[in-house]
Amino acid sequence: MWNKKNIIDYRSVKKVHVMGMWFDSKAESAMYLWLRDKEKSGELFNIRHQVKIQLLPGPLKFQRNYKVDFAATLPNGEEKYFEVKGWETDRWKANRLLWRHLGPGVLEIWKVKWGGLELTEEIVPDNSHLIERLKVIK
């Protein structure tokens, strides 16, 4: 039987202080350290934390903004985004769907597993169907 004691509340996760920065969880801080190692090896650079992305433009009432955990620039100049998830909320599921169609770049989703972090999904936005619809509308 489920009661409040059985349900883990995502707001109960404690913030973590690492290398002069605050992170929302231990998993997020571990991801930052992993990205720093990748930066040192030259695989990416310009790591940014809690980057605000506008997924759905339009009037303020209809906009959908999302803060991705990390963004970094690849050596070829492309942006890559990283998200760390302990569990999925309904809001995250809606944002993932929007990212799949309107996202600005590749999003890697890392989930907390028993051994640490594990890459579970990589979303490459595909908005070709939207471009075709816009051609028809014009």
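For the structure itself, consult the block above.
Cut-off values and rules
- Residues numbered from 1 in each chain as written.
- Predicted model: local features only at pLDDT ≥ 70, side-chain atom pairs only at ≥ 80, totals over all residues.
- Heavy atoms only, no water.
- Helix = DSSP H or I, 4+ residues; strand = E, 2+ residues; numbered from the N terminus.
- Buried < 20%, exposed > 50% of the residue type's maximum accessible area, 1.4 Å probe, protein only.
- Contact = heavy atoms within 4.5 Å.
- Areas by Shrake-Rupley, 256 points an atom, 1.4 Å probe, with all protein chains shown as cover.
- Salt bridge = Lys/Arg side-chain N within 4 Å of Asp/Glu carboxyl O.
- Pairing = 2+ DSSP bridges.
- Core = buried A, V, L, I, M, F, W, Y, C linked by side-chain atoms within 4.5 Å.

Asks: Explain the overall build of the protein residue by residue, including any values.
Replies: Helix and strand content of the protein: 3 helices and 7 strands. Burial statistics for the protein: of 138 residues in total, 29% are counted as buried. Long-range pairs, those at least 24 residues apart, make up 45% of the contacts in the protein with a sequence separation of at least 6. A total of about 9,800 Å² of accessible surface is found on the protein, and carbon and sulfur atoms cover 56% of it.

Asks: Tell me about the pattern of salt bridges, residues and numbers included.
Replies: Inspection of the entire model under this criterion finds 10 salt bridges. A salt bridge links Arg-96 to Glu-121; its shortest N-O distance comes to 3.1 Å. With a gap of 25 residues between them, Arg-96 in helix H2 (residues 90-102) and Glu-121 in strand E7 (residues 116-123) connect regions that are remote in the sequence. Taking the relative accessible area as the measure of exposure, Arg-96 reaches 15% and is therefore buried. Linked by salt bridges that have partners in common, Glu-88, Arg-96, Arg-100, Lys-111 and Glu-121 make up one network.

Asks: Tell me about the pairing of strand E5 (residues 79-85), and please be specific about residues and values.
Replies: Most of E5 is tucked away: 6 of the 7 residues are buried. Bridge count between strand E4 (residues 64-73) and E5: 4 bridges; the pairing is antiparallel. Across the sheet, the residue bridging to Thr-73 is Glu-79, located in E5. The antiparallel hairpin formed by E4 and E5 contains 5 residues in its connecting segment, where Gly-77 sits at a positive phi of about 95°. In terms of strand pairing, E5 meets strand E6 (residues 106-113) through 6 bridges, oriented parallel. Bridge pairing links Lys-85 to Lys-111 in E6.

Asks: So what's going on with the nonpolar core? Residues and values would help.
Replies: Counting 14 residues, the largest nonpolar core has Met-31, Leu-35, Leu-44, Ile-47, Phe-70 and Phe-82 as its most contacted members. Contributions of two or more residues to this core are made by strand E1 (16-18), helix H1 (26-40), E4 and E5. Counting residues per element, this core draws most heavily on H1, which supplies 4 residues. For Leu-35, the contacting residues outside a window of four places in its chain are Leu-44, Ile-47, Phe-70 and Phe-82. Grouped together as the second largest cluster of nonpolar side chains are 13 residues, Val-51, Ile-53, Tyr-66 and Trp-92 included.

So yeah, pure geometry; function would need other evidence.
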